[in-house]
Amino acid sequence: MTAERVPFDVGAYVSRSTSGRCFVCEYLSGNPDYAHDTIAETDTAIAFLNRYPTLFGYTIVAPKAHLEQVTGDFSEDEYLELQRFLYRVAEAMRLVLAPERIYVLSLGSQAANAHVHWHVAPLPRGIPLEQQQYQALMHENGVVDASRADVVDYIAKLR
């Protein structure tokens, strides 16, 4: 599914991201200001829809524990377990949406969104090259305005 993008307040997003509150921990604690739609979870990790998606189906995968280093805060076995979960989420996404490519990357830093997490973003087929890769992920280009019905349907299909 391809949904239209709408303008996005990047300044407000940066302010929220640098407020000191961890968006993953707040979400996991049930803070309604940080609500997201859960896709799947294990005892140690969770996958949920990005609250501000630049592509339909854009998902975040994160450990439940507040860890900040992409590799350094994990044992090799813990890291591989989380990556297996990420693979299953991405593979379900691929089967449901049939994208041209699924982008998987870890963003964030000590300055903003320090809780380590991976972005799993499906690039729809037919997107012109100049709108792919980083351009497809930039909030400056707007966020997807999908209907609640489309989101609920997508989550059901993923599960």
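Criteria and cut-off values
Residues numbered from 1 in each chain as written. Predicted model: local features only at pLDDT ≥ 70, side-chain atom pairs only at ≥ 80, totals over all residues. Heavy atoms only, no water. Phe/Tyr/Trp six-rings, centres within 6.5 Å; stacked < 30°, edge-to-face > 60°. Lys NZ or Arg CZ within 6 Å of the ring centre and 35° of its normal. Pairing = 2+ DSSP bridges. Helix = DSSP H or I, 4+ residues; strand = E, 2+ residues; numbered from the N terminus. Axes fitted to C-alpha atoms, helices over the stretch in contact; angles between N-to-C directions. Contact = heavy atoms within 4.5 Å. Core = buried A, V, L, I, M, F, W, Y, C linked by side-chain atoms within 4.5 Å. Buried < 20%, exposed > 50% of the residue type's maximum accessible area, 1.4 Å probe, protein only. 1 Å grid on protein atoms, 1.4 Å probe; cavity = no way out; pocket = protein on both sides within 12 Å on 5 of 7 lines; lining within 4 Å. Points joined across faces, edges and corners; volume = space filled by probe spheres on them. Nonpolar A, V, L, I, M, F, W, Y, C, P; charged D, E, K, R; others polar. Polar contact = N/O pair within 3.5 Å; in protein donor to acceptor, adjacent residues only side chain to side chain.

A. Molecular detail of the packing of aromatic side chains. Here the structure, examined in full by the defined rule, presents 9 aromatic pairs. An aromatic cluster of three or more residues is present, and its members are Phe 8, Tyr 13 and Tyr 52. Above the face of the Tyr 34 ring, Arg 16 is positioned so that its terminal group lies 4.2 Å from the ring centre.

B. Spatial organisation of the sheet that holds strand β3 (residues 45–49). Strand order in this open sheet of 5 strands is β2-β3-β4-β6-β5, and the pairing throughout is antiparallel. This sheet does not close on itself; its edge strands, each paired only once, are β2 (38–41) and β5 (101–106). Shown here is a sheet whose adjacent strand axes are inclined to one another by a mean of 20°, direction ignored. Pairing geometry for β5 and strand β6 (residues 118–123), over 6 bridges, is antiparallel. Note on β6: the bridge partner recorded for Ser 106 is Trp 118.

C. Inspection of the environment of Asp 33 at higher detail. Summarising the element assignment, Asp 33 is placed in the loop between α2 (23–28) and β2. In this structure Asp 33 touches Arg 16 and Arg 51, once residues within four positions along its chain are discounted.

D. Region of the structure containing the nonpolar core. Counting 26 residues, the largest nonpolar core has Val 61, Met 93, Val 120 and Tyr 154 as its most contacted members. Secondary-structure elements contributing two or more residues to this core are β3, α3 (76–97), β6 and α5 (148–158). Residue contributions to this core peak at 8 residues, all from α3. The contacts of Val 120, once residues within four sequence positions are left out, are Gly 57, Tyr 58, Thr 59, Val 61, Leu 86, Ala 90, Met 93, Ile 102, Tyr 103 and Val 104.

E. Focus on the layout of surface pockets. Of the volumes computed, that of the largest pocket is approximately 570 Å³. Lining the largest pocket are 28 residues, with Tyr 13, Ser 17, Asn 113, His 119 and His 139 sitting closest to its centre. The element that contributes the greatest number of residues to the lining of the largest pocket is helix α1 (residues 10–17), accounting for 5 residues. Residues belonging to the lining of the largest pocket are distributed by class as follows: 14 nonpolar, 10 polar and 4 charged. Here the second largest pocket is characterised by a volume of approximately 330 Å³. Every residue lining the second largest pocket is counted, 22 residues in all, and those nearest its centre are Asn 50, Arg 51, Pro 53, Ala 146 and Val 151. When contributions to the lining of the second largest pocket are tallied by element, the ones reaching two or more residues are β7 (143–144) and α5.

F. Inspection of the side chain of Gln 132 at higher detail. Locating Gln 132 in the fold gives a position in the loop between β6 and α4 (134–137). Of note is the side chain of Gln 132, whose polar atom sits 2.7 Å from the backbone oxygen of Ile 127. If we skip the residues at most four places from it in the chain, Gln 132 touches Glu 100, Tyr 103, Leu 123 and Ile 127.

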